[in-house]
Amino acid sequence: MTLDSVSLNDWVALALAMFGFLSALISRTDRLPTWARKWLKRIGSARITDAIERAAAIVELTPDQRRKQAVIYLQKLCIKELGFPIPASIANLLIEHIYQKWKRLRR
């Protein structure tokens, strides 16, 4: 069997399948895992954005230090306003997720 013997219909079907697979991958890149979406729903995007903006206001910090400060702000906010602690790993994931959207909107 050679490539010349493959029908045009098969090539079209293969191209459509690859397009569908790639579009599914691209649409999935901006999604959080289910357990992280539950945390996001409980906390709210506005609170996370507020933590990011507070950390961004500190100009003498490096970007990495700002991210760490945003995580600290979010953890304190969850305990103070919502009454539950949030692990640093989850806070970091949520900060990174919302930061990417926040950064796109600022441009």
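Here, every reference points to the structure presented above.
Residues numbered from 1 in each chain as written. Predicted model: local features only at pLDDT ≥ 70, side-chain atom pairs only at ≥ 80, totals over all residues. Heavy atoms only, no water.

Caption draft 1: Focus on helix α2 (residues 34-43). For α2, the set of buried residues is A36, W39, L40 and I43. The arc enclosing the buried residues of α2, seen along the axis, measures out at 100°, which places them on a common side. Along α2, exposed side chains directed more than 90 degrees from the buried face belong to K38 and K41. Against α3 (45-56), α4 (63-82) and α5 (88-106) lie the buried residues of α2. At the C-terminal side of α2, G44 shows a positive phi close to 95°. (Buried < 20%, exposed > 50% of the residue type's maximum accessible area, 1.4 Å probe, protein only. Helix = DSSP H or I, 4+ residues; strand = E, 2+ residues; numbered from the N terminus. Arc of directions from axis to C-beta. Contact = heavy atoms within 4.5 Å.)

Caption draft 2: Representation of α5. Taking 1.5 Å of rise per residue, 19 residues should cover 27 Å, and α5 covers 26 Å from first to last C-alpha, within 8% of that figure. Taken residue by residue, α5 has I90, A91, L94, I95, H97, I98 and W102 as its buried positions. (Expected span 1.5 Å × (residues − 1).)

Caption draft 3: Just the packing of aromatic side chains, in detail. On inspection of all chains with the given rule, the structure shows two aromatic pairs. A ring pair is formed by W39 and F84, whose centres lie 5.9 Å apart and whose planes are at 55°; its orientation type is tilted. Of this pair, W39 sits in helix α2 while F84 sits in the loop between α4 and α5; the two residues are 45 residues apart in sequence, bridging distant segments of the chain. F84 gets classed as buried once you look at its relative accessible area, which sits at 15%. Judged by centre distance (5.7 Å) and plane angle (40°), the rings of Y99 and W102 are tilted. Linking Y99 with W102, this pair stays in helix α5, spanning three residues, or about one helical turn. The exposure class assigned to W102 is buried, which follows from its relative accessible area of 12%. The aromatic ring of W39 is capped on one face by R42, whose charged end is 5.4 Å from the ring centroid. (Phe/Tyr/Trp six-rings, centres within 6.5 Å; stacked < 30°, edge-to-face > 60°. Lys NZ or Arg CZ within 6 Å of the ring centre and 35° of its normal.)

Caption draft 4: Representation of a nonpolar patch on the surface. A grouping of L3, L8, W11, V12, L14, L16 and M18 is seen on the molecular surface, where their side chains present a nonpolar patch of about 740 Å² in accessible area. Looking at the secondary structure, you find L16 in helix α1 (residues 8-28). Taking relative accessible area as the criterion, L16 reaches 57% and is therefore assigned exposed. (Patch = residues over 30% accessible without salt bridge, like charges linked within 9 Å, V, L, I, M, F, W, Y side chains within 5 Å. Areas by Shrake-Rupley, 256 points an atom, 1.4 Å probe, with all protein chains shown as cover. Salt bridge = Lys/Arg side-chain N within 4 Å of Asp/Glu carboxyl O.)

Caption draft 5: Inspection of the nonpolar core at higher detail. W39, I43, I48, L74, I86, L94 and I95 are the most contacted members of the largest nonpolar core, which has 21 residues in total. Of all the secondary structure elements, the ones that give two or more residues to this core are α2, α3, α4 and α5. With six residues, the top contributor of residues to this core is α5. If we ignore the near neighbours within four places in the chain, the residues touching L74 are I43, I48, A51, I86, A91 and I95. (Core = buried A, V, L, I, M, F, W, Y, C linked by side-chain atoms within 4.5 Å.)

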